[in-house]
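Analysis of the macromolecular model
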Amino acid sequence: MESHAHGLWFVVVSLLAALLLSISPLSGDWAWARPDFLLLTLVYWLLALPERIGIFASWLCGMVLDILQGVVLGQNAFALAVIAYIIHVSYQRLRMFSLRKQAAFISLLELFHILVDQWAQNINGVAQTHWLVFLPIISTGFLWLFLRPSIAWLQRLFAVY
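For clarity, every value in this text was computed on a predicted model and none was experimentally measured.

**So, helix H4 (residues 75–96)**
With 22 residues, H4 extends 31 Å between its outermost C-alpha atoms, agreeing within 8% with the 32 Å of an ideal straight helix rising 1.5 Å per residue. Of all the bends in H4, the greatest measures close to 75° and is centred on serine 90. Among the residues making up H4, those that are buried are Gln75, Asn76, Ala77, Ala79, Leu80, Ala81, Ile83, Ala84, Ile87, Ser90, Tyr91 and Leu94. Where the residues of H4 are buried, they touch helix H2 (37–48), helix H3 (55–69) and helix H5 (99–123).

Written out as structure tokens, the structure reads:
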């Protein structure tokens, strides 16, 4: 039983850190360009540990994010569950992509997440139609170039497998 839970604490801590970074206040225009830390962390663990982190974990993280952000319940949960399904279906192929191609793919996943968020907010009459809502696509893809090697190093350091 001990070997199955080996390193699970680090996965949970990294997801909690991503949730905290997702709700931490940023000043002014920086808030528009906030990378999607939870998406980045979830995608990393979905690629690294597809047998342990899956659709339910992504849905649960999305529900927690919905509660913390005070948005429509299920908005982030739905988007992250669909993203987790896409990753789960194609994780073997995605692992073979170069880091830059993975970053481009992550940017497309962030675009999907933003579009689902905008759709849910339009249904509830709280639409943000400013073009700045699409800035996280660039910042999330760019951050993947640095976050993936960093988390991979920490994964090896703490022997998470």
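**Quick notes on the layout of surface pockets**
One way to see where empty space is left: roll a probe the size of a water molecule over the atoms. For the second largest pocket, the calculated volume is near 160 Å³. Lining of the second largest pocket is provided by Leu8, Val11, Val12, Leu15, Leu16, Leu19, Ile53, Ala57, Leu60, Cys61 and Val64. Broken down by secondary-structure element, the contributors of at least two residues to the lining of the second largest pocket are helix H1 (8–23) and H3. Per-element tally for the lining of the second largest pocket: the top contributor is H1, with six residues. Tallied by class, the residues present in the lining of the second largest pocket amount to eleven nonpolar, no polar and no charged.

**With respect to the packing of H2 against H3**
Across the interface, H2 lies against H3 with an axial gap of 11 Å and an inter-helix angle of 165°. Our classification of the angle between H2 and H3 gives roughly antiparallel. Between H2 and H3 lies a crossing whose hand is right-handed. Along its contact with H2, which presents Leu38, Leu42 and Leu46, the element H3 presents Ser58, Cys61 and Leu65. Classifying every residue of the contact of H2 with H3 by side-chain character gives five nonpolar, one polar and no charged.

**Focus: H3**
Under the 1.5 Å per step criterion, the end-to-end length of H3 is 21 Å for 15 residues, consistent within 8% with the ideal 21 Å. Along H3, the residues classified as buried are Ser58, Cys61, Gly62, Met63, Leu65 and Asp66. Positive phi shows up at glycine 70, right after H3, with a value of about 70°.

Rules of the game
Residues numbered from 1 in each chain as written. Predicted model: local features only at pLDDT ≥ 70, side-chain atom pairs only at ≥ 80, totals over all residues. Heavy atoms only, no water. Helix = DSSP H or I, 4+ residues; strand = E, 2+ residues; numbered from the N terminus. Expected span 1.5 Å × (residues − 1). Bend = angle between axes of the 7 residues up to and from the residue. Buried < 20%, exposed > 50% of the residue type's maximum accessible area, 1.4 Å probe, protein only. Contact = heavy atoms within 4.5 Å. 1 Å grid on protein atoms, 1.4 Å probe; cavity = no way out; pocket = protein on both sides within 12 Å on 5 of 7 lines; lining within 4 Å. Points joined across faces, edges and corners; volume = space filled by probe spheres on them. Nonpolar A, V, L, I, M, F, W, Y, C, P; charged D, E, K, R; others polar. Axes fitted to C-alpha atoms, helices over the stretch in contact; angles between N-to-C directions. Parallel < 35°, antiparallel > 145°, perpendicular 65-115°, else oblique. Left-handed = near helix turned anticlockwise from the far one by under 90°.

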